[in-house]
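So the chains spell out like this:
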Amino acid sequence: LSFVTVHGSVNSHTAILARTMSIPALIGTDIPLTDAIDGKLGIVDGRNGCIYVDPDEDTLSKMQQLKQEEQEKKELLQTLKGRENITIDGKKIMLYANIGNSKDLAAVLQNDAGGIGLFRSEFLYLERETFPTEEEQFQIYRTVAETMAGKPVIIRTLDIGADKKCDYFEMEPEENPAMGCRAIRICLTRPEIFKTQLRALYRASAYGQIAIMFPMIISVKEVKQIKVIIEEVKEELREAQIPFREDVELGIMIETPAAVMMSRELAKEVDFFSVGTNDLTQYTLAIDRQNQKLDAFYDPHHPAVLAMIRMAAENAHAEGKWIGICGELGADLELTEEFLSMGLDELSVSPAMVLPLRKKIRESK
Ligand code: PEP
Ligand code: MG
């Protein structure tokens, strides 16, 4: 129903997955870890960060009332299903959902997302003890593509590293894992792992509207290296007469300041950008997103972060490419109007945020 932790940060993947799955969660609380609360009823209020242990009758009925009101608000939002994501003065925006695995698809459909803007494929690797085979991955990507029935499904290649550690990758311990061998850096240094995933993705492309996105990019050189590997994968599939789509869209995450600064050049190489504001904030502000003590300094509304998004958007558009946001900031209703004014083409958010965001867009100019 919910969970409460003493450690961790609201920007960690545990918190992000809780949002994806609509589980009320309190992270980094000072709840006492003693037997005193064992077996007692607890009410978690995710809106104001309170937990009520062993509540009295009054609190219980007040909270039940609040729960009822929340439910009614949700039901009201259901009337927005099937409606366009269009502002009062006619600007349209694509509104997609983020998922961590195929079990999240039900929530995506229930909330009427226009597609999947970020499938964090590394969770396929994290939930097991050995590398997923090409066939296993293919089946999952195919299921997602088919379930979305022709709607776009943007699958991010594995972003292992930092807080997403996977023992069987046998990575050497690092002093500074957030700046270490993670994501595309693993893929480019261990191409056998990368190629297995790319083969599975290209095979699945025959069954829906799959696009592939690469995390933690810092240079044009990396994108060119990726393209060489993709060509090898395509050639192998052609030779084996395995069907795939030749024109799978390729995009990159904009989540490092380097990618922002190089965004004009990078835009010439790819079909789209998706801004990873969680990491972009971490690397722009030099604040470890995992460090709970720094949550007060971790300001995703920082003007430097917003200027970075604006710059990437201008450069994407200058090259005729589209740009979205798939980091948590995309769901921040206080910034929706600013994102619209930057001309962002897409926002991808946790499934439960799709309808509230549609409401906000429809009320914006
Ligand atoms: C991001 O960095 O904003 C992002 C979407 O990727 P992740 O949170 O998985 O690092
Ligand atoms: Mg990231």
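Structure: above.
Scope of this entry: the structure provided in the associated data block. No experiment lies behind these values; they were computed from the predicted model shown.

Another aspect to go through is the site of ligand 1. Taken together, 17 residues lie around ligand 1, and His13, Arg120, Arg156, Gly276 and Asn278 are the ones closest in. Within the side chain of glutamate 255, one N or O atom sits 3.0 Å away from an oxygen atom of ligand 1. One nitrogen or oxygen atom from the main chain of glycine 276 is found 3.3 Å from an oxygen atom belonging to ligand 1. Here ligand 1 loses 100% of its free accessible area of 290 Å² to cover by the protein chains. For the shell around ligand 1, the secondary-structure elements that each account for two or more residues are helix 1 (13-20), strand 6 (116-120) and helix 11 (277-285). At 3 residues, helix 11 tops the list of elements feeding residues into the shell around ligand 1. When its residues are assigned to classes, the shell around ligand 1 shows 4 nonpolar, 5 polar and 8 charged.

In terms of nonpolar packing, the biggest core is built from 82 residues, with Phe214, Ile309 and Phe339 touching the most fellow members. Once residues within four sequence positions are removed from consideration, phenylalanine 339 is found in contact with Leu306, Ile309, Ile325, Leu329, Gly330, Leu344 and Leu347. Counting 8 residues, the second largest nonpolar core, distinct from the first, contains Leu118, Ile154, Trp322 and Cys326.

Quick notes on the rules
- The numbers attached to residues start from 1 for each chain and follow its sequence in the written order.
- Chain letters start at A and ligand numbers start at 1, both assigned in the order the entries are written.
- Where local features are concerned, this predicted model is filtered to residues with pLDDT of at least 70; where side-chain atom pairs are given and counted, the filter is 80 or more; whole-chain, interface and lining totals use all residues.
- Hydrogens are left out, water is left out, and the side-chain values use all remaining heavy atoms of the structure.
- Residues are classed as near a molecule or strand on a simple rule: at least one heavy atom within 4 Å of it.
- What qualifies as a polar contact is a pair of N or O atoms within 3.5 Å, subject to a donor-acceptor requirement within protein and to the restriction that residues adjacent in sequence count only when both atoms come from side chains.
- To be clear on the numbers: accessible area is Shrake-Rupley with a 1.4 Å probe, and residue cover counts the displayed protein chains and nothing else.
- Secondary structure elements follow DSSP: runs of H or I of four or more residues count as helices, runs of E of two or more count as strands, with numbering from the N terminus.
- Polar here means any residue outside two lists: the nonpolar Ala, Val, Leu, Ile, Met, Phe, Trp, Tyr, Cys and Pro, and the charged Asp, Glu, Lys and Arg; Gly therefore counts as polar.
- In these notes, a set of buried Ala, Val, Leu, Ile, Met, Phe, Trp, Tyr and Cys residues joined through side-chain atoms within 4.5 Å is what counts as a nonpolar core.
- Between buried and exposed lies partly exposed: a residue is buried under 20% and exposed over 50% of the maximum accessible area for its type, with that area taken using a 1.4 Å probe on protein chains only.
- Note on contacts: a residue pair qualifies if any of its non-hydrogen atoms lie within 4.5 Å across the two residues.

Shape descriptors only; they carry no functional weight alone.
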